[in-house]
Amino acid sequence: MSKGDSVQPADLLRPRHVGQPIRRTEDPRLLTGNGEYTADRKPDRVLHVAFRRSEQAHATIVAIDTAQARAAPGVVAVFTAEDVAELYKPIIPVSRMANYYATPIVALATGKVRYVGEAVVAVIAEDRYLAEDALELIEIDYAPLGVVTDPEDAAAADAPLLHDEAGTNVLVAREFKKGDAAADIAAAHTSVRGRFRMTRKAPLAMEPRSYCAEFDGRREAITLYTSSNIPGIVRDALAESLDLPGSRLRVVAPDVGGSFGSKGSLYPEEILLCVAARKLRRSLKWTADRLEDIASSSQSFAETIEAELGFDADGVAVALQADVTGDVGAYSIYPWTCALEPVQVVSFLPGPYKIKSYRGAVRGVATSKPPTGPYRGVGRPISTFVTERLMDMAAKALGIDPLEIRRRNLVRDDEFPYRIASGIIWDRTGFVACLDAAAEAANYAALRQQQAAARAAGRWFGIGLSSYAELTGIGSRIAVAPGMPINTGSETAKIRIDSTGAITATFGVASHGQGLETTLAQVIADDLGARFDDIRVVQGDSDGVPMSTGTYASRSAVLGGGAAKHASVLLREKIKRVASHLLEAAVDDIDVANGFARVAGTDRTVSFKQVAKAVYSDMKTLPVEAREELEASYTYDPINGTTACATHLAAVEIDPASCFVKVLKYVVAEDCGRIINPMIVDGQVHGGVAQGIGAALYEEMIYDDTGQLLSASLVDYVIPSAVEIPHIDVVHIESESAVAGGFRGMGEGGTIGAPAAIANAIADALAPLGIDVFELPVTPERLFRLIEIARSQQQQ
Amino acid sequence: MTIDITVTINGRLYRASVEPRLLLSDFLRDTLGLTGTHVGCEHGVCGACTVIIDGDSVRSCLTLAVRADGATITTVEGLGTPEQLNALQHQFRECHGLQCGFCTPGMLMTGMDLLKKYPLATDDQIREGLSGNLCRCTGYQNIVAAIRAAAALRNETTP
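Along every chain, residues carry numbers that run from 1 in the direction the sequence is written. Each chain gets a letter, beginning with A, and each ligand a number, beginning with 1, in the order they are written. Only residues with pLDDT of 70 or above have their local features reported here, since the model is predicted, and side-chain atom pairs are shown and tallied only from 80 upward, although totals for entire chains, interfaces and linings are computed over all residues. Calculation of side-chain values draws on the structure's entire complement of heavy atoms; hydrogens and water are dropped beforehand.

## Observations regarding the sheet that holds strand S4 (residues 112-113) of chain A
All names here are of chain A. Two strands make a pair as long as DSSP finds a minimum of two bridges between them. Secondary structure elements follow DSSP: runs of H or I of four or more residues count as helices, runs of E of two or more count as strands, with numbering from the N terminus. Spatial ordering of the open sheet is given by S4-S2-S6, a layout of three strands whose pairing is antiparallel. The open sheet has two edge strands with one neighbour each: S4 and strand S6 (139-144). As defined by bridge partners, strand S2 (residues 59-65) adjoins S4 across two bridges and the pair is classed as antiparallel. Across the sheet, residue Thr60 finds its bridge partner in S4, namely Lys112.

## A look at the packing of aromatic side chains
All names here are of chain A. For Phe, Tyr and Trp, rings pair up if their centres lie within 6.5 Å, where Trp contributes its six-membered ring, and each pair is then called stacked (planes under 30 degrees apart), edge-to-face (over 60) or tilted (otherwise). The final tally for this structure, using the stated rule, is 12 aromatic pairs over all chains. Ring plane angle 85 degrees and centroid distance 5.3 Å describe the contact between Phe51 and Trp286, whose orientation is recorded as edge-to-face. Residue Phe51 is found in strand S1 (residues 47-53), and its partner Trp286 is found in strand S12 (residues 284-287); the two are separated by 235 residues along the sequence. In this pair, the class of Phe51 matches that of Trp286, namely buried. For the ring pair Phe660 and Tyr698, a centre distance of 6.2 Å and an interplane angle of 40 degrees mean the geometry is tilted. Separated by 38 residues along the polypeptide, Phe660 in the loop between strand S26 (642-654) and strand S27 (661-671) and Tyr698 in the loop between helix H19 (678-697) and strand S28 (728-732) bring together distant segments of the chain. Think of it in three bands: with a 1.4 Å probe and only protein chains considered, a residue is buried below 20% of the maximum accessible area for its type, exposed above 50%, and partly exposed in between. The class of Phe660 is partly exposed, set by a relative accessible area of 34%. By relative accessible area, Tyr698 is classed as buried at 14%. Through a chain of ring-to-ring contacts, the aromatic side chains of Phe348, Phe416, Trp426 and Phe431 assemble into a single cluster. The criterion is that NZ of a Lys, or CZ of an Arg, lies within 6 Å of the ring centre and within 35 degrees of the ring normal, and then a charge sits over that ring. The ring of Tyr225 has Arg41 lying over it, and the distance from NZ or CZ to the ring centre is 3.8 Å.

## Quick look at the nonpolar core
Buried Ala, Val, Leu, Ile, Met, Phe, Trp, Tyr and Cys residues that are joined via side-chain atoms within 4.5 Å together make up what is termed a nonpolar core. Leu238, Leu272, Trp336, Tyr666, Ile758 and Ile762 of chain A together with Phe92 of chain B are the most contacted members of the largest nonpolar core, which totals 228 residues. With residues near it in sequence (within four places) discarded, Phe92 of chain B still touches Leu31 of chain A together with Gly97, Leu98, Thr104, Met107, Leu108, Ile143, Ala146 and Ile147 of chain B. Counting residues in each nonpolar core, the second largest holds 50 residues, with Ala525, Ala567, Leu571 and Ala597 of chain A among its members. Residues are treated as being in contact if the distance between any of their heavy atoms lies within 4.5 Å.

## Looking at the pattern of salt bridges
For this analysis, a salt bridge means a side-chain nitrogen from Lys or Arg found within 4 Å of a carboxyl oxygen belonging to Asp or Glu. Summed over the entire model, instances satisfying the criterion amount to 63 salt bridges over all chains. The closest approach of N and O atoms between Asp40 of chain A and Arg29 of chain B, which form a salt bridge, is 2.8 Å. Highlighted residues: Asp40 of chain A in the loop between helix H2 (27-31) and S1 and Arg29 of chain B in helix H1 (residues 24-31), drawn from two different chains. The pair Asp40 of chain A / Arg29 of chain B is uniform in exposure class, with both members buried. Note that Arg448 of chain A and Asp764 of chain A form a salt bridge whose closest N and O atoms lie 3.0 Å from each other. Remark: Asp764 of chain A occurs in helix H20 (residues 749-765) and Arg448 of chain A occurs in helix H15 (residues 444-456); sequence separation between them is 316 residues. A relative accessible area of 15% places Asp764 of chain A in the buried class.

## Some points on the domain arrangement of chain B
Residues and elements named next belong to chain B. Domain limits in this description derive from either an automatic procedure or a database domain assignment. Here chain B is partitioned into domain 1 (3-78) and domain 2 (87-157). Between domain 1 and domain 2, the C-alpha centre-to-centre distance is 22 Å. Across the boundary between the two partners, domain 1 contributes 18 residues, which contact 15 residues of domain 2. Accessible-area loss on putting two parts together, using a 1.4 Å probe and summing over both, is the definition of buried area adopted here. Counting each side, the surface lost to burial between domain 1 and domain 2 is near 1200 Å², with a carbon and sulfur contribution of 57%. Of all residues in domain 1, His38, Thr50 and Val76 bury the most surface against domain 2, accounting for 34% of the area lost on that side. Along the contact surface separating domain 1 from domain 2 lie one salt bridge. For Asp56, the salt bridge goes to Lys117, with nearest N and O atoms at 2.5 Å. Two N or O atoms form a polar contact when they lie within 3.5 Å of each other; inside protein one atom must be a possible hydrogen donor and the other a possible acceptor, and for residues adjacent in sequence the pair counts only when both atoms belong to side chains. One can count eight residue pairs in polar contact (both at pLDDT 80 or more) joining domain 1 with domain 2. Of all the secondary-structure elements, those providing two or more residues to the side of domain 1 that touches domain 2 are strand S3 (50-53) and strand S4 (56-59). In this count, Pro and Cys sit with the nonpolar residues alongside Ala, Val, Leu, Ile, Met, Phe, Trp and Tyr, while Asp, Glu, Lys and Arg are called charged and the others, Gly among them, polar. Grouping the constituent residues of the side of domain 1 that touches domain 2 by class yields seven nonpolar, nine polar and two charged.

## Side note on the domain arrangement of chain A
Residues and elements named next belong to chain A. By the assigned domains, chain A splits into domain 1 (9-35 + 490-636), domain 2 (42-145 + 208-256 + 263-296) and domain 3 (380-476 + 640-790). Domain 1 and domain 2 are separated by 39 Å when their C-alpha centres are compared. Taken together, the contact between domain 1 and domain 2 spans 18 residues of the former and 14 residues of the latter. Here domain 1 and domain 2 share an interface that buries about 1200 Å² over both sides, 43% of which is from carbon and sulfur atoms. Looking only at domain 1, the three residues that lose the most surface to domain 2 are His512, Ser542 and Thr549, adding up to 35% of its buried area. Summed over the shared surface of domain 1 and domain 2, the number is three salt bridges. Ionic pairing is found between Arg250 and Asp543, a salt bridge with its closest N-O pair at 3.7 Å. One can count seven residue pairs in polar contact (both at pLDDT 80 or more) joining domain 1 with domain 2. Considering only residue class, the side of domain 1 that touches domain 2 consists of four nonpolar, 11 polar and three charged.

## Observations regarding the sheet that holds S26 of chain A
Residues and elements named next belong to chain A. One open sheet holds the four strands; their spatial order is S18-S26-S27-S28, and the pairing between them is mixed. Among the strands making up the open sheet, the edge pair consists of strand S18 (460-472) and S28. Ignoring which end each strand starts from, the neighbouring axes of this sheet average 15 degrees apart. As judged from the 10 bridges shared by S26 and S27, these two strands associate in the antiparallel manner. Each residue of the ladder has a partner; that of Ala650, found in S27, is Tyr666. Think of each axis as a best-fit line through the C-alpha atoms, taken over the contacting stretch in the case of a helix, with angles from 0 to 180 degrees between the N-to-C directions.

## With respect to the packing of helix H12 (residues 380-398) of chain A against H20 of chain A
All names here are of chain A. One way to put it is that H12 packs onto H20 with a least axis distance of 8 Å and a crossing angle of 30 degrees. In the crossing of H12 with H20, the sense of the turn from one axis to the other is right-handed. Residues Arg380, Pro381, Thr384, Phe385, Glu388, Arg389 and Asp392 of H12 touch H20, and the partners they reach there are Thr751, Ile752, Pro755, Ala756, Ala759, Asn760 and Ala763. Should the near helix be turned anticlockwise from the far one by less than a right angle, the crossing is termed left-handed; should it be turned clockwise, right-handed.

## Section: unusual backbone geometry
Note that the residue after Tyr334 of chain A, namely Pro335 of chain A, is joined by a cis bond; omega there is 0 degrees. When you line up the elements, Pro335 of chain A lands in the loop between strand S14 (317-327) and helix H11 (340-348). Here the bond from Leu776 of chain A into Pro777 of chain A is cis, since omega is 5 degrees, no more than 30 degrees from zero. Considering the arrangement of structural elements, one finds Pro777 of chain A in the loop between strand S29 (775-776) and helix H21 (780-795). Phi angles above zero are rare outside glycine, and Ala553 of chain A is one such case at about 55 degrees. Relative to the helices and strands, Ala553 of chain A resides in the loop between strand S21 (535-538) and helix H17 (556-583). For Asp54 of chain B, which is not glycine, the phi torsion reads 45 degrees and is therefore positive. Within the element layout of this structure, Asp54 of chain B appears in the loop between S3 and S4.

## Quick look at the interface of chain A and chain B
Taken together, the 54 residues of chain A in the interface contact 48 residues of chain B. For the pair chain A and chain B, the two sides together bury roughly 4300 Å², of which 57% comes from carbon and sulfur. Contact with chain B buries area across many residues of chain A, yet Leu31, Tyr129 and Met206 of chain A alone supply 19% of it, more than any other trio. In this structure, the salt-bridge partner of Arg21 of chain B is Asp133 of chain A, at a minimum N-O distance of 2.8 Å. Here chain A is connected to chain B by 29 residue pairs in polar contact (both at pLDDT 80 or more). For the side of chain A that touches chain B, the elements supplying multiple residues, two or more each, are H2, helix H5 (128-135) and H19 of chain A. Considering each element in turn, the side of chain A that touches chain B owes the most residues, eight residues, to H19 of chain A. Its residues assigned to classes, the side of chain A that touches chain B shows 28 nonpolar, 16 polar and 10 charged.

Quick look at the structure:
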């Protein structure tokens, strides 16, 4: 028997952590009020900041009178843009993209305001109540400028300009082309088309944005505690802006109460707090109230898409063309730029399908609204909505079942790697396997029978499918956002065993609810041979590693996990070398598991604690040259990235009286590669789907023609509660990826698939009325109108 | 102007002199340092700030601190400890009923109230009971599972 075939005793002793639903390390503190979110920080003699925000959507700031506010009780300072202009450099979201204008990001509105909710004046006082009292004493004289709320109007040649220097409101324009899509569609057997729209959303994390800039007078240093999921990016940008070295500017994301993208960009308030803390030599704190958070955090998903998809007689999609207009808001955000969301729509429109020719044009147009930024899924919830709707429309036109038309068009197992018409390359992933698994888990045939019975009884019952693929865990060869100059392709893990034998693993990734302290420890436990409970994971602290960015774009399992694996192996080798001295055995005969190094096949062991003692404390046990510090660091770059995919299936019934859509059944079959913790993966899918259902049925940021926000509370901006979300069944197809560990990213997928599945289910339910769904959310009001129009047309 | 209040919180008596406008949520968090209670909306919709006052779940962001004079309050800090979670906290951990943890204190306090008062015989009843607490991470499924499991344990121990 060869060695490779035999089961070694050590393998039996070594518990496997990857793949197990290990209970989370984070939970005991978060369940007992012992977590620490930014708003929980209590630095010495902290001062509180409140912002006077613009009530105007687009206006010149003529004059600001802060005299009364400065004299108000408890007020320590009042800052306008002028007061702080010399103290920092504006942060510019540059990109190598052609046809792009980068709007500078400043701490406070300078010269004019461009959306309702933009911060204009900062008041700093002994407590928040007093700071807010003083806000009301500030007089701002505005001269209104023309407001542009509709991106089509804003793109017109005579539209008022938000940024005069840009010379246009079209901040970015791009076109992707392969073949001659127009000619191929003209020659196609059948084509389907529509003008699709997704209205603006708020990612709406339950924790509002919060910053605490803690000033250390002894070191002339600032530590910014921030509810951010990109603390490394924030550190680097602020260091440059404030001209502070990283040794005097630390950025920490402590416990963070969700982001979904809304905390994934640099914010003006982060600049202001650091600038003002430095000037006042005091610690400052600000937490958004809910109105501020909704009105000033990055919004998303605001696009209109004219799209047409051509098919041959067999139902094979041949050509796609699309014109996308993104309502990107008043500024381009840092670092992703305003191109992130709309360009991603165009990049991903061909989806998991083998469409030969493609033309996708996109414009990102500035409007008098808050900036748009990343939101879970980024672009793909919309691209999937459009492509999956077109697939269903074609299935109907061609008389093919929606399941079958997808099977005919998905990239098949033997066709990977496959470059889709927009240029994205899919590596081998279970596209068809997910489709089949979703249909099987939902018992598709029985659902269709159930639908036939419901229809016969006059009920509106529909089934919707959606298949998608996404790029996750992106390495250095692919820019997360187009043309962006910062590195988002690598992450570092630093693992250390100290003189007490404790294991500390430090990362630059920044969990904001994903449970990375648990999953990364699972990876380390296996590859280092440590006890899971002995590993402490530190993350979200810019001091932890020399360079990092954070957690976004479904990257942390792939990049953080990959770095953890490599660093663990390096450290394990060090442990083996020390243990070989202590146990007087060859390095190759040492096995490391469960916190012990052991001579294979014997009971001769040393614990990590004994190894640490030998290296650091007991200077008699090792030759000097063998005292290797028990630390390993590895920066992992997956170079490309890896594909993840899923098929979602929803069954809905519509109440004709209330036009309320009830989701009866929801199935997700997904392939995120090798699963680190199935409990956490399922939780990510559930949450993502819930957000997708919210986007499909309820959530909508509404601005009126004057740019006033009409949905600034949780009464008006409706996110789903427990009653609106169905039980979600999740099926896993675990096809290992080519990256370290075989992982794929999966945090965003639920939100990508759900809007399309729900839209298709509603269109299917209302097919007897000839209704198609082109606009999300399908609120009861929109549905009522669609039904009324369809009925009046039927009567005619 | 300030008003003297006396409040029992998690079994401990506190005396304080507070402004009439001070919210109970700010009193708990800023005055007393009990930051386990979270503030998610300050207009009574999200439920993150839920605490138990004299036996009923209440939004601390819609309650003035002076209204709590003479009251007995339980916050999340008054349930279990990290070493010894209470039964509901334990089920939240077992069922993965939390992700970012921000809504969790409110979910727990509402859950404690539901478990005390209602049969919670079906998932629909549990979901209805939770409908005043918003969570953006979990899709609610595992929160429902945690409360279902805690209700089953409750029924075993108190027939």
